[in-house]
Amino acid sequence: MTTHNRSFAPTSKQPMAKLLPIAATVLLCACGGGGGGSNSSNSSNTGNTPDNTTGNNDSIAAQYQGTWLAEAYGSAFKIEDDSLALYRFTNNYCFLEEQFSQIDNEDMQRALRINDSGQMEWYSQNGDADFGAPSHPYNAASDLPAACLDGLEPVLGQAGYDNSAAYVYDVFRDIFSQYFVDLEKVGATWQSLADELRYQLPESADDDGLIAALDALLAPLADTHNYVELPNGQSLRSFTKPTLDQVLISEALQLLGITTPVNADDLTSQQIDDITYYVDSELELIEAITLNYAEQPEDIQRSDNGLVTWFSNQGIGYLHIAAMTGYGDDDAAELDDLASTESAIDHIDAIMDQALTDLADVSALIIDVRTNGGGNDYISLAIASRFAQQDVLAYRKQARLGSARTKPMDVVISPRGNMTYAGPVYLLVSPNTVSAAETFTLAMSAMSQVTLVGEATHGAFSDVLEWTLPNGLHIGLSNEFYLTPEGQWLEGQGVPVDITVPSFSLGARANHQDDAIEAVLEQL
């Protein structure tokens, strides 16, 4: 069994007040959050948020009340005068995820809104009232799904809970069978494996037996966004492509003369320390090599959170974006989702204003997201919009719906912000460019002035559909299709580049050279 740290699917959220804690329970992240854009043909992010006159501060507005289903996401709301219940469902199981009372209209307005198509959106997770990435829509329904009407499943701590490993395994398999985006690639082989693992899992199996079975089910899917979070803080995951950390670990093992594959439990503490030291040292070396392209150390500027770095040298600008998350204020996150996203957008906007002001006179700009593991799509789109010269169709998005798909959403970004950049852009990408960083890459690649340099991105675009299994384990899976404007689906492949250059090769590091930056300089 392999365990991995959760480095590529940021899913942690602060608890929200009143209604808003639900945000953490149905969170989708692209590696963080949302997958739409500032405009969408099917989901208007500028739809009208109901005015208080439609209800009052003591009750929920009538237009919210009723049952709402997001069938492709296994999620349902039942909203009444001052209460809300959230259900998660498959065709065979239904769970009451959260239930809240004493909800008022102001709470609803800060989380949900009815868009121009009459669908309900959870907009606050994916931006603010003016800009963001629309979340999946909920459609009005006459009643809850059949599985919910047939009876709710007890969970850990409730009367009647089935604590057998086989039961939890069955629920996990059912979720992946119904919602995982690319089950066709493994098809009958995966179902046969699932049958075999189920047959081998006795009713009396302990947690270790269950975890081993879930690990075996994840492995052939090879999707970085699929995971099982373990009680010890680690997670089961089968990566789409090797990450930079994994490449560096392999180098360290080779230097130590350790044959791979190897189980971490078979390594000595000294070997683990040596591997950790090697990885940390090489990551520091990679950063030092890149920053050495600045003419003087004092030319290097960083954002207050350290996630954005920029400088210029002889008329060429360099902008490194380390993550598409981490821009919100901690105090805002303690309030609710909307306060958190508003804070994050304000922060990234201020950072980009400063960076692009400093880089305003450069003749070309290098943007580096080679080590960006993702985060929130609304951050990706907020940054990309600074380089749009007109409305740009960034990508299209769908979700799996049984054997079909939901109607595609066209994600369009427009020029925005106090400072923009219209000159040539060279975007550095690698297999370590993941999730929301790939959303950014899709948006940027749709612009004619942008050239992609490096290697194809990781190929894990979908938002993470999160569930809590009945025994309390948290899991995530990909359930969405991100398509290029031309309709290409690049899941598992990544966004291709215009100029191919190996990323952080051992030889380049030995020569203290950044091959991708050198390739760009040759073009200028």
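Look above for the structure.
Residues numbered from 1 in each chain as written. Predicted model: local features only at pLDDT ≥ 70, side-chain atom pairs only at ≥ 80, totals over all residues. Heavy atoms only, no water.

Enquirer: Explain the overall build of the protein here, please?
Expert: Across its full length, the protein holds 14 helices and 24 strands. The buried share among the 524 residues of the protein stands at 57%. Across the protein, every contact between residues at least 6 apart in sequence was considered, and the portion connecting residues at least 24 apart equals 71%. With the model as given, the accessible surface of the protein reaches about 21,200 Å², and the carbon-plus-sulfur share is 46%. (Helix = DSSP H or I, 4+ residues; strand = E, 2+ residues; numbered from the N terminus. Buried < 20%, exposed > 50% of the residue type's maximum accessible area, 1.4 Å probe, protein only. Contact = heavy atoms within 4.5 Å. Areas by Shrake-Rupley, 256 points an atom, 1.4 Å probe, with all protein chains shown as cover.)

Enquirer: In this structure, what is going on with unusual backbone geometry? I would like to understand it.
Expert: A negative phi angle characterises most non-glycine residues, just as the trans form characterises most peptide bonds. A cis amide bond links threonine 260 to the next residue, proline 261, at an omega of 0 degrees. Locating proline 261 in the fold gives a position in the loop between α7 (244–255) and α8 (269–291). With phi around 45 degrees, alanine 222 is a residue other than glycine that occupies positive phi space. On the secondary structure map, alanine 222 appears in the loop between α6 (207–218) and β10 (223–229). A relative accessible area of 26% places alanine 222 in the partly exposed class. The backbone phi angle of glutamine 314 is positive, close to 50 degrees, even though this residue is not glycine. With respect to the secondary-structure elements, glutamine 314 resides in the loop between β13 (308–313) and β14 (316–321). Glutamine 314 sits in the exposed class, given a relative accessible area of 74%.

Enquirer: Hey, could you run me through the pairing of strand β23 (residues 480–483) in this one?
Expert: For a regular strand, side chains alternate in direction, first toward one face of the sheet and then toward the other. Side-chain alternation along β23 places Glu480 and Tyr482 on one buried face and Phe481 and Leu483 on a second face that is also buried. Two elements, strand β16 (residues 392–401) and β23, share 4 bridges in a ladder whose sense is antiparallel. Residue pairing in the sheet places alanine 399 in a bridge with glutamate 480 of β23. (Pairing = 2+ DSSP bridges.)

Enquirer: It is not clear to me how the pairing of β10 should be interpreted in this structure. Could you clarify?
Expert: Burial within β10 is extensive, with 6 of its 7 residues counted as buried. As paired strands, β10 and strand β11 (residues 235–238) are joined by 3 bridges and run antiparallel to one another. When the sheet's bridge partners are listed, glutamate 229 is paired in β11 with serine 235. Hairpin connection between β10 and β11: a loop of 5 residues separates the two successive antiparallel strands, and glycine 233 in this loop has a positive phi of roughly 95 degrees.

Enquirer: Just to check I follow, could you spell out helix α4 (residues 165–179) for this structure?
Expert: For an α-helix, the turn length of 3.6 residues means that residues three or four places apart are oriented alike. Taking 1.5 Å of rise per residue, the 15 residues of α4 would be expected to cover 21 Å, and the 21 Å separating its terminal C-alpha atoms lies within 8% of that figure. Among the 15 residues that make up α4, 14 are buried, leaving the element largely enclosed by the rest of the structure. (Expected span 1.5 Å × (residues − 1).)

Enquirer: Can you walk me through the side chain of serine 83 in this structure?
Expert: Tracing the backbone shows serine 83 in strand β5 (residues 83–89). Given a relative accessible area of 18%, serine 83 falls into the buried group. Contact partners of serine 83, with chain neighbours within four places excluded, come to Ile60, Lys78, Phe100, Ser101 and Ile103.

Enquirer: Whenever I open this one, the pattern of salt bridges confuses me. Can you help?
Expert: A pair can form between side chains of opposite charge whenever their charged atoms are brought close. Taken as a whole and assessed by the stated rule, the structure comprises 15 salt bridges. Of the charged contacts in the structure, one is a salt bridge between arginine 302 and glutamate 287, with a shortest N-O distance of 3.2 Å. Of this pair, arginine 302 sits in strand β12 (residues 301–302) while glutamate 287 sits in helix α8, and the two are 15 residues apart along the sequence. A residue is classified by how much of its surface remains accessible, and glutamate 287, at 41% relative accessible area, is partly exposed. In this structure, the salt-bridge partner of aspartate 368 is arginine 370, at a minimum N-O distance of 2.8 Å. (Salt bridge = Lys/Arg side-chain N within 4 Å of Asp/Glu carboxyl O.)

Enquirer: It is not clear to me how the sheet that holds strand β15 (residues 364–368) should be interpreted in this structure. Could you clarify?
Expert: Within a beta sheet, neighbouring strands are joined by backbone hydrogen bonds and run either parallel or antiparallel to one another. Here we have 7 strands laid out as an open sheet, ordered β12-β13-β14-β15-β19-β20-β24, and mixed in their pairing. With one partner strand each, in any of the chains shown, β12 and β24 (499–500) form the two edges of the open sheet. As paired strands, β14 and β15 are joined by 5 bridges and run parallel to one another. The residue of β15 that forms the bridge with isoleucine 316 is alanine 364. Seen against the sheet, α8 touches β12, β13, β14 and β15 and runs at an angle of roughly 35 degrees to β13. Together, β14, β15, β19 (425–429), β20 (450–454) and β24 form the strand contacts of helix α14 (residues 515–523), whose direction differs from that of β19 by roughly 160 degrees. (Axes fitted to C-alpha atoms, helices over the stretch in contact; angles between N-to-C directions.)

Enquirer: Would you explain the packing of aromatic side chains in this entry?
Expert: Considering all chains together, one arrives at 9 aromatic pairs under this definition. On the basis of an interplanar angle of 35 degrees and a centroid distance of 6.2 Å, the ring pair of phenylalanine 176 and phenylalanine 180 is categorised as tilted. The interplanar angle of 35 degrees and the centroid separation of 6.0 Å between the aromatic rings of tyrosine 179 and tryptophan 467 together place this pair among those described as tilted. Pair noted here: tyrosine 179 is in helix α4 and tryptophan 467 is in strand β21 (residues 464–468), with a separation of 288 residues, a long-range link. Taken together, the ring pairs connect Phe77, Trp122 and Tyr138 into an aromatic cluster. (Phe/Tyr/Trp six-rings, centres within 6.5 Å; stacked < 30°, edge-to-face > 60°.)

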